[in-house]
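Examining the three-dimensional arrangement
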Amino acid sequence: MAETISKTNRRSLLKGALVAAAAPALIGPALAQQKVSWKVQAHWPKASGSFNDSLGALAKELAARTDGRFTLETYGAGEIAKDREIYNVVRRGVVQMGTISPAYILGEAQAMGLLYGVPGTLREPWEMMHFTKNLGVEKLVNDELRPKGVVIMAEKAYPTEVVLKRKINSAAELGSLKIRSAGAMLEYFAAAGASPQQVAGPEIYQAISTGVVDGAHWGAAVGALSMKFWEVAPFHMKPALGITNDAWIVNTAALDKLPPDLRLQFLSLIEERYFLRSVEYQHQEAMALATGRAKMNVEVVQFPDEVLAKFAEASKTILQKETAKGEHAAKGGAALSKLMSDLGYA
């Protein structure tokens, strides 16, 4: 009897081993055929340059690299949700992914304001890219976001600049203006004497044209051209207020459900696009500003020195506040301060 049981067990084990050996061959093709479609809610209106050049380009490349197995169904600002609402619709899984400005969700992580960009600190997009990826501010933010069910990944680093309806020559003239802004830029403008206002992206043009605000920033020259702001606000102010990040926000449950090969393709493409898009955007900035000056009578105006002095003081105050938000913020703030020192800015 013992011998019979032993032989039976051996036969069962052998049969199990054969099934296990065959499993990859059976499962592999099934996984290879699995298709995924995600809804992506953008904070960009469809008229914005980044809707096509950032989100559209990502969707096209992802479909190409996965032979159509992973597709993105894209929605312009407000179609499902807009600006600050996007975080919650992604977190709840209403959509699997969105695009967002970190400025809209500053309260969700201590270092979020650093990921958005402290005005008046960094001066070139590559510096923000280095700070975001190599110096770890994106990771600091995600250490707090993951338990909430989302992760954020930088989409591009770019300058943000303001356009105004009328030319200013002094801090007093700036102080008479209402300017659409977001995030720490609200405090930045307030410190210089202006009256900052929060206006959703799709509503900015109308807000300027009807006098609700006297100027706005939505990116820089590319944003002003694609959103037609220069039609109603032809004075383009320099230097940039700061360098900021746009971002992707992704539901972690949806990300974890992806087949391993699609997940790898997706995450690799997100990282690759951050660098490609940031550089491409600088080229587009130069072309957009040249178009504005040549064809739309746009005038590039420098902020008066007294305004720049107020901005500089405000920048120090904002950085101190951001750094004081907690342990994660302190780590990010220390990395930013050292980078500024290394670059000779501090």
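Residues numbered from 1 in each chain as written. Predicted model: local features only at pLDDT ≥ 70, side-chain atom pairs only at ≥ 80, totals over all residues. Heavy atoms only, no water.

A closer look at the overall build of the chain
Broken down by element type, the chain carries 14 helices and eleven strands. Burial analysis of the chain (346 residues in total) assigns 50% to the buried set. Partitioning the intrachain contacts of the chain with sequence separation of at least 6 by distance along the chain shows that 78% fall at a separation of at least 24. Per element, the accessible surface of the chain, about 15,400 Å² overall, is 55% carbon and sulfur. (Helix = DSSP H or I, 4+ residues; strand = E, 2+ residues; numbered from the N terminus. Buried < 20%, exposed > 50% of the residue type's maximum accessible area, 1.4 Å probe, protein only. Contact = heavy atoms within 4.5 Å. Areas by Shrake-Rupley, 256 points an atom, 1.4 Å probe, with all protein chains shown as cover.)

What to know about the nonpolar core
Within the largest apolar cluster, 106 residues are counted, with the highest numbers of intra-cluster contacts made by Trp38, Phe70, Met97, Ile100, Phe131, Ile152 and Phe266. The element best represented in this core is helix α12 (residues 260-295), accounting for eight residues. Leaving out residues up to four positions away in the same chain, Ile100 has contacts with His43, Asp83, Ile86, Tyr87, Ile105, Ile152, Asp246, Ala247 and Ile249. (Core = buried A, V, L, I, M, F, W, Y, C linked by side-chain atoms within 4.5 Å.)

Topic: the sheet that holds strand β5 (residues 162-164)
If you trace the six strands from one edge of the open sheet to the other, you get β7-β6-β8-β5-β9-β11, paired in mixed fashion. Whereas interior strands pair on both sides, the edge strands pair on one side only; in this sheet they are β7 (195-197) and β11 (299-302). Taking the axes of each pair of neighbouring strands and ignoring which way they run, one obtains an average angle of 30° across the sheet. Pairing of β5 with strand β8 (residues 215-217) involves three bridges; the strand directions are antiparallel. The residue bridging Val162 from the neighbouring strand is His217, located in β8. Of the strands in this sheet, β5, β6 (178-180), β7 and β8 touch helix α8 (residues 184-191), which is tilted by about 160° from β7. (Pairing = 2+ DSSP bridges. Axes fitted to C-alpha atoms, helices over the stretch in contact; angles between N-to-C directions.)

Description of the packing of aromatic side chains
Two measures describe an aromatic ring pair: the distance that separates the ring centres and the angle between the ring planes. Under the criterion given, the structure shown has nine aromatic pairs. Look at Trp44 and Trp248: their rings are 6.4 Å apart centre to centre, the planes differ by 85°, and that puts the pair in the edge-to-face class. Residue Trp44 is located in the loop between β1 (36-41) and α2 (49-65), and its partner Trp248 is located in strand β10 (residues 242-251); the two are separated by 204 residues in the primary sequence. Each member of the pair, Trp44 as well as Trp248, carries the same accessibility label: buried. (Phe/Tyr/Trp six-rings, centres within 6.5 Å; stacked < 30°, edge-to-face > 60°.)

Let's talk about α8
Ala184, Met185, Leu186, Tyr188 and Phe189 are the residues of α8 that are buried. Where α8 terminates, the next one or two residues include Gly193, which has phi positive at roughly 105°.

Notes on the packing of helix α13 (residues 305-323) against helix α14 (residues 327-342)
Relative to each other, α13 and α14 sit at 145°, their axes nearing to 8 Å. Two secondary-structure elements touch here, α13 through Leu319, Glu322 and Thr323 and α14 through Ala329, Ala330, Gly333, Leu336, Ser337 and Met340. Residue composition of the contact of α13 with α14, grouped by class: five nonpolar, three polar and one charged. (Nonpolar A, V, L, I, M, F, W, Y, C, P; charged D, E, K, R; others polar.)

Quick notes on the sheet that holds strand β2 (residues 70-75)
Spatially, the five strands line up as an open sheet ordered β2-β1-β3-β10-β4, and their pairing is mixed. Looking along the sheet, the strands with just one partner apiece sit at the ends: β2 and β4 (150-160). Each strand of the sheet is rotated relative to its neighbour by a mean of 25°, with strand direction disregarded. Helix-sheet contacts for α2 involve β1, β2, β3 (97-100), β4 and β10, and the interaxial angle to β2 is about 160°. Taken strand by strand, α12 contacts β1, β2, β3, β4 and β10, and its axis lies near 15° from that of β4.

The quantities given are spatial measurements derived from coordinates; they are silent on function.
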